[in-house]
Amino acid sequence: MESILEPATKMQQSDRGIRLSFSTSNDGLMLKQIQAVHVPDGRAIDVRPLLHIVEDILSFAAPSGDAIVETGKQATGTEAFQHQTNYQTNITDMLETLSFLIDRISIEMARKCSETREEHATTMSILSMVSNYPWDAKLVIALSAFAVNYGEFWLLAQCYTSNQLAKNLAILKQVPGILQHSTMLKSRFDTIKDLITAMLDIAKCLVEFKEIPSNYVTEDVAAAVSAAMDHIPVAIYWTIRSMLATASQITGLSGSENEFLSSLESWELSSSVHKLSTMHSHLVGLLAICHKQIDERKFIEAYQNLQYLFNAAQIDNIKVLKALINPKDDPLPLVDGTNKKRVSVDVLRKRNVLLLISDLDILQDEVVILQQIYEESRRQSNSLDQNPYELVWLPVLDSSVSLSKIKQRIFENLTATMTWFTLRHPSLLNRAVFKFIKEEWGFEQKPIVVVLDPQGRVTCSNAIHMMWIWGNLAFPFTIAKEDALFEAETLTLDFLVDGIDPVILKWISEERFIFLYGGEDIEWIRNFTHTVKTAARACGIAMEMVYVGKRNPKENIRRNMAIINEEKLSHCLPDITAIWYFWIRIESMWNSKHQLGKADENDPTTQEIMTLLSYDGGEGYGWALLGKGSTEFTKARGTTFLTCLSDYNLWAEDVQTKGLVSAIHDYFLQNPTPHHCNRLVLPATASRLPEMVTCSECRRTMERYILYHCCDE
């Protein structure tokens, strides 16, 4: 067999086929020859801008039957022209150094392709010309020389019908003859296009290897790079050789006697595509190993950097905010909700910042109430500089999973309703930020609000509970402020309803008797409201009733509200959002007490909260709470209250001396429920659930269960 290291003296189809199917052992011998002409002089060169231009040339000159028939179309596109000039400012100095070498190689390619078919000798000659350059630069420089010849040929093919100069040059190069057989040549052109794609893939892969940061080359990365270096020289050789094969085919098309490619020549091109694709797949696999190890190292560093920044003293909050919001150095990572314009992180400099952290399942009710709280804070200030705080939404999603069209639409719909700052896109939060938010701030699924002071210090890891309870009264949303507010507060009727419904607040100020009642059994609701009205007439006392529904209100609560209003059974909270807000405030009171470490059986407020939550968590009939003004109330389960109201004669005399609320409360104490079964459903609080909870009625320790509940009603 003829050695591949010796140039052929006679071109025969049989040995041409053999020389394109080198075995692994041949590649091993070739590797030594390639390395012999590799004598880099240590020069540093960034060839990516040059590769961009080459990729553009080969893309716009891509051969296809349509491109040939519709000549002139690509040449007149202003968009294409602008795209090709994007890199000019970055490459001028480089081309001053490389232009002569690129010109020499392009001449060598053109001459060898027209005179001989000694692909091996020509390939080694080109490798000798670029011997002083690193591996990636060798290939990109050779590819640039190929692009010059290839691009000039197709430029004439595309422009000769619309440009007289191009037409004359095309005639001299016999380009018009190609058009006569464009349909028959289409499959060959497609193969050439595939081969060029394979060449570019190899080149881009080599550039990526070159760009691996040296400070991230761990043992695993070094092993992958070393394995790649066993293949890169041979891959470069075969890529340059494929350039020569492609150039030979194009040169052959210009000659009148070589209008058609032989089947063997077509097979050679296809074989080259397969060979380069196989090499590329192997290199990509090694590159993936490198990227995985580097990404893991960067992830650890980014996480440690976040920990350091939040533990170190800062002049202002910009460093910590950029590490959280803008780890990818996006110049405008935020969107201003007031005008929907993109802005930089600097708009938050030295301001109190509330980070609203949630996934895309944040409830519309939560957004609506937060909107009211946020806009109220704006109304209370006279200028932007006096705004007490800025709110920023960070949508926390798995960055390793691309956003689906449905989730993208949900994200856009949410940001459209938010008037505060929002992250431009969830992908800006990297994996380290995601881990930090979960592990340091306890984020799971429910939204949290992390408070940062003007120096970027965390003053509260979750202020959403006090925002639900007190709104802007809780500013600056610190633990100390939360504790002070609870110390000054008792669980009264007006504290329970707060400003949810002005009608109720008016009744409270007028010292009226008010029943708050909840549940979802409409028959019990009819029975209860009828019984209350009967008892009120018997006592000669005006009583108001307000339906407060149930936690996590679903469609059945909406139906109940419609029936209550239609049948005029009682007053209802204004809407579903108001019902949700009523219950989320009670949940938040428990969360807040627990966060302060005061959710124990000796705290009366905590016990009252737990009683209300246990009423709502129970199955079957509802519950009711009777209060007057803002100082007294009593409460019981629905069946207990119905029995009490039916036994009016047993406590009627006490009303005159004790008052209605106290008389009913004493009745409950004197007639305890013979049996009770309390079920307390505590709100999820990210691994902060108490180890022991006592029953609000009998003070015994409650059994602990884990409940998974799904309801898509």
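Up top you'll find the structure we're talking about.
Here we summarise the structure given alongside this text. Along every chain, residues carry numbers that run from 1 in the direction the sequence is written. Confidence filtering applies because this is a predicted model: local features only for residues at pLDDT of at least 70, side-chain atom pairs given and counted only at 80 or more, and all residues used for totals across whole chains, interfaces and linings. To obtain the side-chain values, all non-hydrogen atoms of the structure were included, while hydrogens and water were left out.

### Things to note about the overall build of the chain
Consideration 1: Within the chain one finds 29 helices and 12 strands.
Consideration 2: Relative accessible area decides the class of each residue, using a 1.4 Å probe on protein chains only: under 20% of the type maximum gives buried, over 50% gives exposed, and in between gives partly exposed. Relative to its full complement of 713 residues, the chain shows a buried share of 51%. A run of DSSP states H or I qualifies as a helix once it reaches four residues; a run of E qualifies as a strand once it reaches two. Both are numbered from the N-terminal end.

### A short note on the pattern of salt bridges
Consideration 1: Between Lys or Arg on one side and Asp or Glu on the other, a salt bridge is scored when a side-chain nitrogen of the former is within 4 Å of a carboxyl oxygen of the latter. If you walk through the whole model with that rule in mind, you get 26 salt bridges.
Consideration 2: The shortest N-O distance in the salt bridge between Glu439 and Lys435 comes to 2.7 Å. Within this pair, Glu439 and its partner Lys435 are both found in helix H18 (residues 431-441), separated by 4 residues, close to a single helical turn.
Consideration 3: The exposure class assigned to Lys435 is partly exposed, which follows from its relative accessible area of 25%.
Consideration 4: Between Glu510 and Arg512 there is a salt bridge, with its nearest N and O atoms 2.8 Å apart.
Consideration 5: Three or more residues joined by partner-sharing salt bridges are found here, namely Lys446, Arg551, Glu587 and Asp616.

### Looking at the environment of Asp575
Consideration 1: Assignment of secondary structure puts Asp575 in the loop between strand E10 (571-572) and helix H25 (576-595).
Consideration 2: The spacing of Asp575 and Val548 is 27 residues in sequence and 9.7 Å in space, taken between C-alpha atoms.
Consideration 3: A distance of 2.7 Å separates a polar atom in the side chain of Asp575 from the backbone nitrogen of Ala578. Any pair of nitrogen or oxygen atoms within 3.5 Å is treated as a polar contact; in protein, a donor-acceptor pairing is required on top of that, and neighbouring residues in sequence qualify only through side-chain atoms on both sides.

### Considerations on helix H26 (residues 604-617)
Consideration 1: Take the number of residues in a helix, subtract one, and multiply by 1.5 Å to get its expected span. Helix length check: H26 (14 residues) gives 20 Å between terminal C-alpha atoms against 20 Å at 1.5 Å per residue, within 8%.
Consideration 2: Burial within H26 is extensive, with 12 of its 14 residues counted as buried.
Consideration 3: Along H26, the residues classified as buried are Thr605, Thr606, Gln607, Ile609, Met610, Thr611, Leu612, Leu613, Ser614, Tyr615, Asp616 and Gly617.
Consideration 4: The elements touched by buried residues of H26 are helix H20 (479-487), helix H21 (493-497), H25, strand E11 (623-628) and strand E12 (632-637). In this description, contact between two residues means that some pair of their heavy atoms is separated by no more than 4.5 Å.

### Notes on the nonpolar core
Consideration 1: We define a nonpolar core as any set of buried Ala, Val, Leu, Ile, Met, Phe, Trp, Tyr and Cys residues linked to one another through side-chain atoms lying within 4.5 Å. Core analysis: the largest hydrophobic core is formed by 102 residues, its most contacted members being Phe528, Phe582, Phe641 and Trp651.
Consideration 2: Formed jointly, this core draws a minimum of three residues from each of two domains, domain 2 (317-481) and domain 3 (493-702).
Consideration 3: Membership of the second largest hydrophobic core comes to 77 residues, among which are Cys205, Ala228, Ile250 and Ile294. These domain boundaries are the output of an automatic or database domain assignment.

### Remarks on helix H28 (residues 648-658)
Consideration 1: Turning to H28, its buried residues number three or more, namely Tyr648, Trp651, Ala652 and Val655. For H28, the arc enclosing every buried residue in end-on projection is 135 degrees, short of the 170-degree limit, so these residues lie on one face. Exposed side chains of H28 directed beyond 90 degrees from the buried face belong to Leu650, Glu653 and Thr657.
Consideration 2: One or two steps after H28, the chain reaches Gly659, where phi turns positive at roughly 95 degrees. Directions are taken from the helix axis to each C-beta atom, and the arc is the one they span.

### What to know about the packing of aromatic side chains
To describe a pair of aromatic rings, you give the distance between the ring centres and the angle between the ring planes.
Consideration 1: Classification of ring pairs uses Phe, Tyr and Trp, with its six-membered ring standing for Trp, and accepts pairs whose centres are within 6.5 Å; under 30 degrees between planes counts as stacked, over 60 as edge-to-face, and the remaining range as tilted. For the structure on display, the rule yields 32 aromatic pairs.
Consideration 2: Ring geometry for Phe310 against Phe436: centres 5.2 Å apart, planes inclined by 25 degrees, an arrangement best described as stacked. Here Phe310, found in helix H14 (residues 263-311), pairs with Phe436, found in helix H18; they are 126 residues apart in sequence, far enough to count as distant.
Consideration 3: Overall, Phe436 belongs to the buried group, its relative accessible area being 3%.
Consideration 4: Look at Trp524 and Phe528: their rings are 4.9 Å apart centre to centre, the planes differ by 10 degrees, and that puts the pair in the stacked class. Taken together, the residues Trp524 and Phe528, both in helix H23 (residues 522-539) and 4 residues apart, mark about one turn of the helix.
Consideration 5: By relative accessible area, which is 0% here, Phe528 ends up buried.
Consideration 6: Cation placement over rings: the criterion is NZ of Lys or CZ of Arg within 6 Å of the ring centroid and within 35° of the ring normal. Over the ring of Trp238 we find Lys275, and its NZ or CZ is 4.7 Å from the ring centre.
Consideration 7: One cation-aromatic arrangement involves Lys593 over Phe486; the distance from NZ or CZ to the ring centre is 4.7 Å.

### So, the sheet that holds strand E8 (residues 513-518)
Consideration 1: In this description, strands pair whenever DSSP reports at least two bridges between them. As summarised here, the arrangement of the 5 strands in space is E10-E9-E8-E11-E12, forming an open sheet in which the pairing is mixed. Every other strand in the sheet has two partners, leaving E10 and E12 as the edge strands with one partner each.

### A closer look at a nonpolar patch on the surface
Consideration 1: Judged by side-chain polarity, Leu165, Leu169 and Leu172 come together as a nonpolar surface patch covering roughly 330 Å² of accessible area.
Consideration 2: Here Leu165 lies in helix H9 (residues 164-172). A patch is a set of surface residues, each over 30% in relative accessible area and not in a salt bridge, joined within 9 Å for like charges and within 5 Å for the nonpolar side chains Val, Leu, Ile, Met, Phe, Trp and Tyr. In short, Shrake-Rupley with a 1.4 Å probe defines the accessible areas, and a residue's cover is counted only from the protein chains shown.

### Comments concerning the side chain of Glu482
Consideration 1: As for its placement among the helices and strands, Glu482 is situated in helix H20.
Consideration 2: Discounting chain neighbours no more than four positions away, the residues touching Glu482 are Met466, Trp470, Ser592, Gln595 and Leu596.

### Overview of the environment of Leu354
Consideration 1: Mapped onto the secondary structure, Leu354 falls in strand E3 (residues 353-358).
Consideration 2: Put simply, Leu354 and Leu452 are 98 residues apart on the chain and 6.3 Å apart in space, counted from C-alpha to C-alpha.

### A short note on the pairing of E12
Taken residue by residue, a regular strand's side chains alternate between the two faces of the sheet.
Consideration 1: Two elements, E11 and E12, share 6 bridges in a ladder whose sense is antiparallel. Of the residues in E12, the one forming a bridge with Lys628 is Glu632.
Consideration 2: Counting the residues that bridge the hairpin from E11 to E12 gives 3 residues, and of these Gly629 lies at a positive phi of roughly 60 degrees.

### Focus: the pairing of E8
Consideration 1: Of all the 6 residues making up E8, 6 are buried; the element is thus mostly covered by neighbouring parts of the structure.
Consideration 2: Because side chains alternate across E8, one face comprises the buried residues Phe513, Phe515 and Tyr517, and the other comprises Ile514, Leu516 and Gly518, equally buried.
Consideration 3: After leaving E8, the chain enters H23 and then returns to the sheet as strand E9 (residues 543-547), a path that is right-handed. Consider the strands pointing away from the viewer: the crossover is right-handed when the path from the first strand over the helix to the second runs clockwise.

### Some points on the sheet that holds strand E7 (residues 458-460)
The strands that make up a sheet are held in pairs by hydrogen bonds between backbone atoms, and each pair lies either parallel or antiparallel.
Consideration 1: Taken together, the 7 strands give an open sheet; going across it, the order is E2-E1-E5-E4-E3-E6-E7, and neighbouring strands pair in mixed fashion. Both edges of this open sheet fall to strand E2 (341-343) and E7, since each of them pairs with a single strand only. Between one strand axis and the next, the sheet turns by 35 degrees as a mean value, whatever way the strands run.
Consideration 2: Across 3 bridges, the pairing between strand E1 (residues 334-336) and E2 is antiparallel. Bridging across to E2, Leu334 finds its partner in Val343. To obtain each axis, a line is fitted to C-alpha atoms, and for helices this fit is confined to the stretch in contact; angles are then taken between N-to-C directions over 0 to 180 degrees.

Read these as geometric descriptors, not functional statements.
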